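Each chain, written out:
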Amino acid sequence: MHRFESIDRPTHRRAFLGSLALGASAFSARGAFADELMRTPSQTEGPFYPDKLPLDTDNDLIVVNDNLTSAVGEITHLTGRLLDSKGEPIRNALIEIWQVDANGAYLHTKDPAHGKFNANFQGFGRFLTGSTGEYYFRTIKPVAYTGRAPHIHVKVRKGRKELLTTQFYIKGSPENERDGIYKSLRDPRDRDALTLAFTPVEGSKIGELSARGDLVVGHTPEA
């Protein structure tokens, strides 16, 4: 089950999700992007893809199962579309994300910081795309930890095939230029594709943020 609950007022939640639906419909027309789209650059999976998946793997990482206590951190609505290089939405693809909690700890037993992992944070989530290719996660704004800029890991699968593994970063984060994995993105267009603006959600009483990152798989057109 996909959760869309927010701990803010329901009217704000409905307005926000309504805007997502409008955004998705605007890009659902066949061939809207012709051959203009570049493929999203891949990045390393890293060592801390969960070695034991949580019992709860839905798209709401803020609330684990039916716990009343939500995760610590800046609540972020992460959205985007999964497209092919022609601009066509890809449906029935599984998008996974994983990231550290507010303490900089992964949901992985071999992470040196695992002992301080926040049990109220899911740490990992999945979403199955629909006809528009749209995806949605409720998570926290990523934080930095030793040696790494704040980032969210992303993996895309369709059936048994893995289509993409990459990472999203925060636009304007000073740690980006000190991060070797981020700096491996030599092309400014690749950096732009993976560097997201985290912006305040209008009307939110609890300081929620939104970030949007489209994912493109398929042939990369010539520059």
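Residues numbered from 1 in each chain as written. Predicted model: local features only at pLDDT ≥ 70, side-chain atom pairs only at ≥ 80, totals over all residues. Heavy atoms only, no water.

Visitor: Is there a simple way to explain unusual backbone geometry in this structure?
Guide: Comment: phi is negative for the bulk of residues other than glycine, and the bulk of peptide bonds are trans. With phi around 60 degrees, Asn92 is a residue other than glycine that occupies positive phi space. Along the polypeptide, Asn92 turns up in the loop between strand E1 (75–84) and strand E2 (94–98). (Helix = DSSP H or I, 4+ residues; strand = E, 2+ residues; numbered from the N terminus.)

Visitor: Can you help me understand the packing of aromatic side chains in this one?
Guide: Here the distance between the centres and the angle between the planes together describe a pair of aromatic rings. Under the defined criterion, the tally for this structure stands at eight aromatic pairs. Seen from their ring centres, Phe117 and Phe121 are 6.3 Å apart, and the 45 degrees between their planes marks the pair as tilted. Neither Phe117 nor Phe121 differs from the other in exposure class; each is buried. Plain terms: the ring middles of Tyr169 and Tyr182 are 4.8 Å apart, the flat faces sit at 70 degrees to each other, and that makes the pair edge-to-face. Of the two residues, Tyr169 is situated in strand E6 (residues 161–170) and Tyr182 in helix H2 (residues 180–183); the sequence distance between them amounts to 13 residues. Like Tyr169, the residue Tyr182 is buried in the burial classification. Taken together, the aromatic side chains of Phe48, Tyr106 and Tyr145 make up a single cluster linked through ring pairs. (Phe/Tyr/Trp six-rings, centres within 6.5 Å; stacked < 30°, edge-to-face > 60°. Buried < 20%, exposed > 50% of the residue type's maximum accessible area, 1.4 Å probe, protein only.)

Visitor: How should I be thinking about the pattern of salt bridges in this particular structure?
Guide: When the charged atoms of two side chains with opposite charge come close together, those side chains can pair. Tallied over the entire structure, the rule returns 12 salt bridges. Of the charged contacts, one joins Lys155 and Glu45 as a salt bridge, the two residues approaching to 2.8 Å between their closest N and O atoms. Of the two residues, Lys155 sits in strand E5 (residues 151–158) while Glu45 sits in the loop between helix H1 (10–26) and E1, which places them 110 residues apart along the sequence. With its nearest N and O atoms 2.9 Å apart, the salt bridge here joins Arg189 to Asp187. On the basis of relative accessibility, which here comes to 40%, the residue Arg189 falls in the partly exposed class. When its relative accessible area of 23% is taken as the criterion, Asp187 is described as partly exposed. Linked through salt bridges whose partners overlap, the residues forming this network are Glu45, Glu96, Arg126, Lys155, Arg157 and Glu162. (Salt bridge = Lys/Arg side-chain N within 4 Å of Asp/Glu carboxyl O.)

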